[in-house]
Amino acid sequence: TGNINFAGTTSSTSYTSGAIYINGGLGISNSTVAASVTAGGALSVAGGAAIGQNMFVGGNVVILDSTAAASSQTGSFVTYGGIGANGSIWVRSNSASQLQLAPSSNGTETSISFYQTNNFSTSGSWKIGQNIGSFNISINGTNTFTIVTAGNVGINTTSPQYSLDVSGGARILS
């Protein structure tokens, strides 16, 4: 019972350096819930933290930073690699909320896909996205609506040649 204080001044430059280096497991047991950035419950870190492997969190994660994202490399939360979410994603902002998607290299597709099944089958799915030089909507894996950079709109065609280009039957009522 009590406190252990380390007054080392060695900065950590990797997960094997610093004032304290533990080669093995570390267990921390505390029933105090973190209430803020400075009232951290079982563990408080004043400075940065680097994690070299997986991290599992059994509660909420709150990032208290007002840094606005100006690109994919800035903001309060930046990730390299994919994000998998098994639940809802909500976006709220004090200014106009935006969801911006950009390919990691020019000339590749950016899209949002919606699936009816959890195995990402194109059956019962639809996709909104852009391909090089066009905007597309696909249903069940088939492109059904296209707008190209010239402004032409295609229904059931990916390369409309006219202002409105329909492949298949059409009905126009006055």
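Look up a bit, the structure's there.
Student: How should I be thinking about the environment of Gly 124 in this particular structure?
Tutor: Relative to the assigned elements, Gly 124 resides in the loop between strand 1 (110-114) and strand 2 (126-131). Looking at Gly 124, the relative accessible area reads 28%, which means it is partly exposed. For the pair Gly 124 and Ile 139, spaced 15 residues apart in sequence, the C-alpha to C-alpha distance is 7.2 Å. In this view, Gly 124 contacts Tyr 115, Gln 116 and Asn 140; residues no more than four positions away in its chain are not counted.

Student: Before we go on, may I ask you to explain the side chain of Asp 165 in this structure?
Tutor: Structurally, Asp 165 can be placed in strand 6 (residues 164-166). Buried and unpaired, Asp 165 has no salt bridge, with Arg 171 as the nearest side chain of opposite charge at 19 Å. Here the side chain of Asp 165 touches Gln 161 through a polar contact of 2.8 Å, landing on its backbone nitrogen.

Student: How should I be thinking about the environment of Ile 155 in this particular structure?
Tutor: Position of Ile 155 among the secondary structure elements: in strand 5 (residues 153-155). Looking at Ile 155, the relative accessible area reads 32%, which means it is partly exposed. For the pair formed by Ile 155 and Ile 22, sequence separation is 133 residues and the distance between their alpha carbons is 62 Å. Setting aside anything within four residues of it in sequence, one finds Ile 155 in contact with Thr 144, Phe 145, Leu 164, Asp 165, Val 166 and Ser 167.

Scoring rules and cut-offs
Residues numbered from 1 in each chain as written. Predicted model: local features only at pLDDT ≥ 70, side-chain atom pairs only at ≥ 80, totals over all residues. Heavy atoms only, no water. Helix = DSSP H or I, 4+ residues; strand = E, 2+ residues; numbered from the N terminus. Buried < 20%, exposed > 50% of the residue type's maximum accessible area, 1.4 Å probe, protein only. Contact = heavy atoms within 4.5 Å. Lys, Arg positive; Asp, Glu negative; His and termini not counted. Salt bridge = Lys/Arg side-chain N within 4 Å of Asp/Glu carboxyl O. Polar contact = N/O pair within 3.5 Å; in protein donor to acceptor, adjacent residues only side chain to side chain.

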